[in-house]
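# Analysis of the macromolecular model
Below, each chain spelled out in residue letters.
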Amino acid sequence: MAMKDVAIVGVGSSDFRRLYADKSQPNDVYQLAAEAFRDALDDCGATQQDIDGLICTNIKYGQFGETVGLTGPGFVHDLEGTGRMAGISLQEACALVRSGMADMVACVYATNGRTAGTKYGGGDADPAGAYDAMYGMTSTGAYVSMMYQRYQAMYGAPDDALAPLAINNRANGARNPIAVFQKEIDHDEYLSSRFIAEPLRLLDYCIINDGAVAFIVTSLDRARDMRKKPVRVAATAGKAELSRSYISPDFYFETSVAVADRLYQAAGIGPDQIDCMQVYDNFLPTILFTLEGFGHAPRGGSWEWIRDGWIELGGKRPLNTSGGHTSESYMQGFAFHVEAVRQLRGEAGDRQVENCNTVQYMCVSPIVTSHIFVAD
Amino acid sequence: MDVAAYAKLLPDITPRNKPFWDGCAAGELRLQKCADCGRYRFPDAPVCPECLSSSASWETASGAGTIWSWCTMHQKYFAAFADEVPYRLVYVRLAEGPLVISVLAEDSDDSAADSGGTSSKELRLDQPVHAVFRPRPGGRVIPQFSTGAAAGM
Ligand SMILES: [Zn+2]
């Protein structure tokens, strides 16, 4: 029996630039979430009454449901506020629709990480983490910096190896009206950026901000009767690599390969047929690990591959066209899903990828996930 | 260093991890070893992740390891370490298998360089190191590592 096809039909996201500009008082995450949800409903022409599945990330379904008058869904689930949950959220929505557990699912994410002063390092350590904190080791970025230090030494990547990624994200952010940072940077500006956890620099880090993202998922059959052109989920796959450390001894390579194999097989689409890539970039080295694990660039050679004109707008595989987490905003992977939809609908304005028919989302983290989206 | 802030970062000593801390005080790296399959683990855990056995003993490890990687922290995340930045951290693969975060003793102790250690200098991937034990402010002894010649070797 053929599996039921699933599509994203509506998307909504905050104006990240406006939110970044004002940190005078904490934003209410439920207000941000409600506005993104309302935009996503408007985008597809649905109402709260159409939504019978609700997956919340970093907010609670009870308060959210009451806030937006979504009080009788058939299925609810709260996911933790980590970046790896963006892919999981869509996967769960797809599974619900395919199984018939729900007909139309809202995936909603919100954060006030900037105005509420959320710490992404130096906070209360968990019991295992105390064995690291007692040396002054903390923050996901520092663990990624250790992976990158080893990567650099293994493959001869120079000090400026990540510069093309930082420059590309900013160049794309400059074409995205809701991106936080819209000023392009050059190579010298990258190299003069201060170290946070050396070898990583400030410009290698995502931007902590406030904001919300929502997307609406339903069956392709139903999607075709809705307001806009559906974006079909051609395939999705995931695999965890769980440990107490964020460090993967092979930079998540084998885990990514396993996900890639299943994904490309299920979609019948390989890396050569991808028109646009949305790559989870909490820290820029994650993009290198991703390109290699998913077969876009040779192992150990992605830092050279990204210098060869592939990833820029106008290249063969434009990457992080919204500006990504280092220029648009750190929305823990969720906003990449929205950007994928906007690209496939041709709604991306100045940053539109020409003839964009396939977009791949990839997240390399302790749960590696990836989806391939196609224009219906 | 802010000793009170530092004390709060230290793991609590519990009945289950006490042998590790007793080992540090005695200048030995002690690890839990599964009584059924022989796998070493760190930190202490209720069961063996390999065979799920609840039965384990505490064994004195060799103290030998290799540097998997390192980074230098410039950001002031912890009040206790605010005066220490920048400071280098290492990730060491112990000969028995577990990976641990630590620091190099010679990075804070120039005299160690005189015995052949690497003081704030270039490190190599997989460079051999061995555990050394130093009391920290407040008195707790924690494992550090040295690139110099191991005592008694
Ligand atoms: Zn065992």
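An account of the accompanying structure is given in this report. (Residues numbered from 1 in each chain as written. Chains lettered and ligands numbered in written order. Predicted model: local features only at pLDDT ≥ 70, side-chain atom pairs only at ≥ 80, totals over all residues. Heavy atoms only, no water.)

## Overview of the overall build of chain A
Tallying secondary structure elements over chain A gives 14 helices and 11 strands in all. The C-alpha atoms of chain A give a radius of gyration of 19 Å, which matches the 21 Å a tight globule of 376 residues would have. If one aligns the C-alpha atoms of chain A with their principal axes, the spans along those axes are about 55 × 45 × 40 Å. Looking at chain A as shown, the accessible area adds up to about 13600 Å², and 46% of this sits on carbon and sulfur atoms. Counting 32 positive and 46 negative side-chain charges, chain A places the averaged centre of each group 1 Å from the other. (Helix = DSSP H or I, 4+ residues; strand = E, 2+ residues; numbered from the N terminus. Rg over C-alpha atoms; globule rule 2.2 N^0.38 Å. Areas by Shrake-Rupley, 256 points an atom, 1.4 Å probe, with all protein chains shown as cover. Lys, Arg positive; Asp, Glu negative; His and termini not counted. Charge placed at Lys NZ, Arg CZ, Asp CG, Glu CD.)

## Some details on the pattern of salt bridges
For the structure on display, the rule yields 19 salt bridges over all chains. Put simply, B:E28 and B:R30 hold a salt bridge, and the shortest N to O gap is 3.0 Å. (Salt bridge = Lys/Arg side-chain N within 4 Å of Asp/Glu carboxyl O.)

## Section: the interface of chain B and chain A
Chain B puts 35 residues into the contact, and the matching count from chain A is 36 residues. Counting each side, the surface lost to burial between chain B and chain A is near 3000 Å², with a carbon and sulfur contribution of 67%. Its largest share of buried area at the contact with chain A, chain B owes to B:W68, B:Y77 and B:I101, together 24% of the area lost on that side. Taken together, chain B and chain A are joined by one salt bridge. The salt bridge partner of A:R150 is B:D126, with a shortest N-O separation of 3.1 Å. Inspection of the region where chain B meets chain A yields 13 residue pairs in polar contact (both at pLDDT 80 or more). Only α1 (3-9), α2 (18-25), β4 (64-73), β5 (87-94), β6 (99-102) and β8 (141-146) of chain B provide two or more residues apiece to the side of chain B that touches chain A. The dominant element in the side of chain B that touches chain A, judged by the number of residues it contributes, is β4(B), at seven residues. Considering only residue class, the side of chain B that touches chain A consists of 26 nonpolar, six polar and three charged. Strand direction decides the pairing type here: strand β5 (residues 195-198) of chain A and β4(B), joined by two bridges, are antiparallel. Paired with A:E198 across the two strands is B:T72, which belongs to β4(B). (Contact = heavy atoms within 4.5 Å. Buried area = accessible area lost by both parts, 1.4 Å probe. Polar contact = N/O pair within 3.5 Å; in protein donor to acceptor, adjacent residues only side chain to side chain. Nonpolar A, V, L, I, M, F, W, Y, C, P; charged D, E, K, R; others polar. Pairing = 2+ DSSP bridges.)

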